[in-house]
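Spelled out, the chains give:
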Amino acid sequence: MNMARLQIHMESEILRFTTLVDIAIPEYGFAERRAGVSPEEYYSEKNKLPVMFLYHGGTGTCSDWFRFSRIEELSEEKKFIVVCPTAQNSCYTNMAYGPRWFDFINIELYDMVHSMFPASTDPAGNFAVGLSMGGYGALKSALTYPEKYGYGAAMSSAAYIPQEVALGICPLPDGGKSIFGDPDKVLGSDNDLFALAERLKASGRVLPKLYSACGTEDFTFEGNVKFKNHMLDLGYDFTWVQDPGSHTWDYWNDHIKMVCDWLPL
């Protein structure tokens, strides 16, 4: 497999500590030789590759996608960069009582990737993708920064988690208060995907294309159906996939291929 794999120990100005980021970049190989592409052409400054910012789930790490899925194979086949940040158990937020993970990933890490690597700056070539907690984070990235991410995709997303915090039924430690703050102020905030989608639609800004897949046996299924209905009611370009499956890597490994087929790669 012709891939450059890097693990970066990144000292973050926003986080105020060093964090880990796993990155894979497809290299020049047999497919390029067969197509008559020279190494000089492939590594030219003009050859910018699409970028998938790929988010892990709760209790996960930046290496999960490389350990448990076929993402590296898909990255080589379809020629896109994979960037897997660490976000601990933050739900990819600027935590009420903790680090500013959302700003780190969507501002500092985003800028670093585009300055250091052959990464496309076109929104149509930047994708926020994730599973579970990371699915919520990916949708939030796309709805907050559509000028950066033209596409957002989620699998088994925790899209409904702010609503669970507000209702007092969130399964996270302390009911999610350390992440989202006062439960009475979560709905309508920048962490509420339903409200984010409404505000973005009303703003007249460009809308990202979105994708969500969830297994019918998944504990997140009901919340995902509510989010899907909300997005379709708002008129978003929203692709919905429901099929048998639960909250497992078997499901996500199958569906990351479907996400890659949906993206403009």
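Just so it is clear, the structure is predicted and the values come from calculations on it, not from any experiment. (Residues numbered from 1 in each chain as written. Predicted model: local features only at pLDDT ≥ 70, side-chain atom pairs only at ≥ 80, totals over all residues. Heavy atoms only, no water.)

(A) Expanded view of the overall build of the protein chain. When helices and strands are counted, the protein chain shows 11 helices and eight strands. Computed over the C-alpha atoms, the radius of gyration of the protein chain is 18 Å, within 12% of the 18 Å expected from 2.2 N^0.38 for a compact globule of 265 residues. Counting across all 265 residues of the protein chain, residues that qualify as buried make up 57%. Taking the intrachain contacts of the protein chain between residues at least 6 apart in sequence as the baseline, contacts between residues at least 24 apart amount to 71%. Accessible surface, the protein chain as shown: approximately 11,400 Å² in total, 51% of it carbon and sulfur. Mean positive and mean negative side-chain charge positions of the protein chain (22 and 34 charges, respectively) differ by 3 Å. (Helix = DSSP H or I, 4+ residues; strand = E, 2+ residues; numbered from the N terminus. Rg over C-alpha atoms; globule rule 2.2 N^0.38 Å. Buried < 20%, exposed > 50% of the residue type's maximum accessible area, 1.4 Å probe, protein only. Contact = heavy atoms within 4.5 Å. Areas by Shrake-Rupley, 256 points an atom, 1.4 Å probe, with all protein chains shown as cover. Lys, Arg positive; Asp, Glu negative; His and termini not counted. Charge placed at Lys NZ, Arg CZ, Asp CG, Glu CD.)

(B) View of the side chain of K228. The residue K228 is located in helix α10 (residues 221-234) in this model. No salt bridge forms around the buried K228; measuring N to O, its nearest opposite-charge neighbour D233 is 8.9 Å away. In this structure K228 touches F238 and W240, once residues within four positions along its chain are discounted. (Salt bridge = Lys/Arg side-chain N within 4 Å of Asp/Glu carboxyl O.)

(C) Fine view of the sheet that holds strand β3 (residues 51-55). As summarised here, the arrangement of the eight strands in space is β1-β2-β4-β3-β5-β6-β7-β8, forming an open sheet in which the pairing is mixed. Of all the strands in the sheet, just β1 (3-11) and β8 (238-243) have a single pairing partner and so form its edges. Direction aside, neighbouring strands of the sheet carry axes that sit 15° apart on average. Two elements, β1 and strand β2 (residues 18-26), share nine bridges in a ladder whose sense is antiparallel. (Pairing = 2+ DSSP bridges. Axes fitted to C-alpha atoms, helices over the stretch in contact; angles between N-to-C directions.)

(D) Quick look at α10. With 14 residues, α10 extends 20 Å from end C-alpha to end C-alpha; this agrees with the ideal 20 Å at 1.5 Å per step. Contact partners of the buried residues in α10: α6 (133-144), α9 (193-203), β7 (209-215) and β8. With its phi angle positive at about 90°, G235 sits one or two positions after the end of α10. (Expected span 1.5 Å × (residues − 1).)

(E) Here's a closer look at the pattern of salt bridges. Applying the stated rule across the entire model yields 12 salt bridges. Of the charged contacts in the structure, one is a salt bridge between D22 and R5, with a shortest N-O distance of 3.6 Å. Of this pair, D22 sits in strand β2 while R5 sits in strand β1, and the two are 17 residues apart along the sequence. Overall, D22 belongs to the buried group, its relative accessible area being 2%. On the accessibility criterion, R5 (40% relative accessible area) is partly exposed. Note that E32 and K79 form a salt bridge whose closest N and O atoms lie 2.9 Å from each other.

(F) Just the packing of α6 against α9, in detail. It is the contact of α6 with α9, at a shortest axis distance of 10 Å, that shows an interaxial angle of 20°. Taken as axis vectors, α6 and α9 run roughly parallel relative to one another. Seen along the crossing, α6 lies across α9 with a hand that is left-handed. Here Y136, L139, K140, L143 and T144 of α6 lie close against α9, whose contacting residues are L193, L196, A197 and L200. Residue composition of the contact of α6 with α9, by class: seven nonpolar, one polar and one charged. (Parallel < 35°, antiparallel > 145°, perpendicular 65-115°, else oblique. Left-handed = near helix turned anticlockwise from the far one by under 90°. Nonpolar A, V, L, I, M, F, W, Y, C, P; charged D, E, K, R; others polar.)

(G) Local environment of the pairing of β3. By the criterion of burial, β3 is predominantly enclosed, with five of the five residues buried. Going residue by residue along β3, you find V51, F53 and Y55 tucked away on one face and M52 and L54 tucked away on the opposite face as well. Judged from the three bridges that link them, β3 and strand β4 (residues 81-85) form a sheet pairing that is parallel. The partner of F53 across the bridge, within β4, is V83.

(H) Molecular detail of the packing of aromatic side chains. Tallied over the entire structure, the rule returns 20 aromatic pairs. The interplanar angle of 80° and the centroid separation of 6.1 Å between the aromatic rings of W101 and F104 together place this pair among those described as edge-to-face. Here W101 pairs with F104, and both are found in helix α5 (residues 101-116), just three residues apart, close to one helical turn. Here W101 falls in the buried class, since its relative accessible area comes to 0%. Look at Y151 and W262: their rings are 5.4 Å apart centre to centre, the planes differ by 80°, and that puts the pair in the edge-to-face class. Here Y151 is found in strand β6 (residues 151-155), whereas its partner W262 is found in helix α11 (residues 249-262), with 111 residues between them in sequence. Ring pairing ties together the aromatic residues W65, F68, W249 and W252, which thus form one cluster. The lysine or arginine in question, R5, covers the ring of F66, its NZ or CZ lying 4.0 Å from the ring centre. A cation over a ring is seen here: K148 above Y145, with NZ or CZ 4.6 Å from the ring centre. (Phe/Tyr/Trp six-rings, centres within 6.5 Å; stacked < 30°, edge-to-face > 60°. Lys NZ or Arg CZ within 6 Å of the ring centre and 35° of its normal.)

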